Amino acid sequence: MNTLNKGIVTALSAITLAQGLKILTHKRESGHWDWRPLLQTGGMPSSHSAGVSALATYTALQKGKESIETALACVFGVIVMYDAQGIRRHTGEIAQLVNDLDEDIELLSGHYPDLLHVRREEELNELLGHQPAEVAGGACFGIALGLLAHKIGKNKQS
């Protein structure tokens, strides 16, 4: 019974493995282990980029570069990667500015008793999108996994 969609398995595997790699890149950058990046958005490599690149690569190798499936996967991938490094990254930068502004107003309210300020209980999430290098890293990782998944699938058919 072979009912698994190998394209979906390839893409989800790329996403999961890329999220796992974020733990290692965080360790390399900070010097300490932290499991939180496993469940966070943003960071290196982009799991979004890894997933869509793995899917597009696998689809192109399975269906051919001129198939409608490959076209759909590639266009979908470009939109996701553009969004990850554009809109989502800028939203994270705005969240950082809002959090900083909230802290500044709180400091000011301590100097001016007439200035009423109620600080938010939780800060806005600042790590939403990706730097271009994180998107490129995820894309390269995804392409490699798409190639590997296709090669494994070919070997099993032989």
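It should be noted that the structure appears before, not after, this text.
The structure reproduced in this document is the subject of the present report.

**A closer look at helix 2 (residues 47-63)**
Taking 1.5 Å of rise per residue, the 17 residues of helix 2 would be expected to cover 24 Å, and the 24 Å separating its terminal C-alpha atoms lies within 8% of that figure. All of the buried residues along helix 2 are Ser47, Ser49, Ala50, Gly51, Val52, Ser53, Ala54, Ala56, Thr57, Tyr58 and Thr59. Phi for Gly64, located one or two positions after helix 2, is positive at around 100°.

**A closer look at the nonpolar core**
One broad rule of soluble globular proteins: the nonpolar side chains tend to lie buried together. Val52, Val80, Met81, Ala84, Val135 and Ala139 form the largest nonpolar core, which has six residues in total. Mapped onto this core, the elements with two or more residues apiece are helix 3 (68-85) and helix 5 (132-157). The element best represented in this core is helix 3, accounting for three residues. Residues within four places of Ala139 in sequence aside, it is in contact with Ser49, Ala50, Ser53 and Met81. In this structure, Ala14, Ala18, Ala50 and Leu145 belong to the second largest nonpolar core, which totals five residues.

**Remarks on the side chain of Thr57**
Looking at the secondary structure, you find Thr57 in helix 2. Judged by its relative accessible area of 14%, Thr57 falls in the buried class. In this structure Thr57 touches Ile143, Gly146 and Leu147, once residues within four positions along its chain are discounted.

**Regarding the packing of helix 1 (residues 6-30) against helix 2**
Closest axis-to-axis distance for the helix 1/helix 2 pair is 8 Å, and the angle between their directions is 150°. As judged from the angle between their axes, helix 1 and helix 2 are roughly antiparallel. Of the two elements, helix 1 crosses helix 2, and the hand of that crossing is right-handed. Residues Lys6, Gly7, Thr10, Ala11, Ala14, Ile15, Ala18, Gln19 and Lys22 of helix 1 touch helix 2, and the partners they reach there are Ser47, Ala50, Gly51, Ala54, Leu55 and Tyr58. Class assignment of the residues belonging to the contact of helix 1 with helix 2 gives a composition of eight nonpolar, five polar and two charged.

Rules and cut-offs
- Position labels on residues start from 1 in each chain and follow its written sequence.
- Local features in this predicted model are restricted to residues of pLDDT 70 or higher, and side-chain atom pairs are both shown and tallied only at a pLDDT of 80 or more, whereas totals for entire chains, interfaces and linings draw on every residue.
- By convention in this description, side-chain values take in all heavy atoms of the structure and omit both hydrogens and water.
- Put simply, DSSP H or I for four residues or longer makes a helix, DSSP E for two residues or longer makes a strand, and each gets a number counted from the N terminus.
- By this rule the span expected of a helix is its residue count minus one, scaled by 1.5 Å.
- When accessible area is computed with a 1.4 Å probe and restricted to protein chains, residues below 20% of their type maximum are described as buried, those above 50% as exposed, and intermediate ones as partly exposed.
- Only buried Ala, Val, Leu, Ile, Met, Phe, Trp, Tyr and Cys residues count toward a nonpolar core, and they belong to the same one when joined by side-chain atoms within 4.5 Å.
- When checking whether two residues touch, look at their non-hydrogen atoms; a contact exists if any pair is within 4.5 Å.
- For every element, the axis is a line fit to its C-alpha atoms; helices are fit only across the contacting stretch, and the angle between N-to-C directions ranges from 0 to 180 degrees.
- In what follows, roughly perpendicular refers to angles from 65 to 115 degrees, roughly parallel to angles under 35, roughly antiparallel to angles over 145, and oblique to any angle outside these ranges.
- Crossings are assigned a handedness: left-handed for a near helix turned anticlockwise from the far helix by less than a right angle, right-handed for a clockwise turn.
- Gly is placed with the polar residues, together with every amino acid not listed as nonpolar (Ala, Val, Leu, Ile, Met, Phe, Trp, Tyr, Cys and Pro) or charged (Asp, Glu, Lys and Arg).

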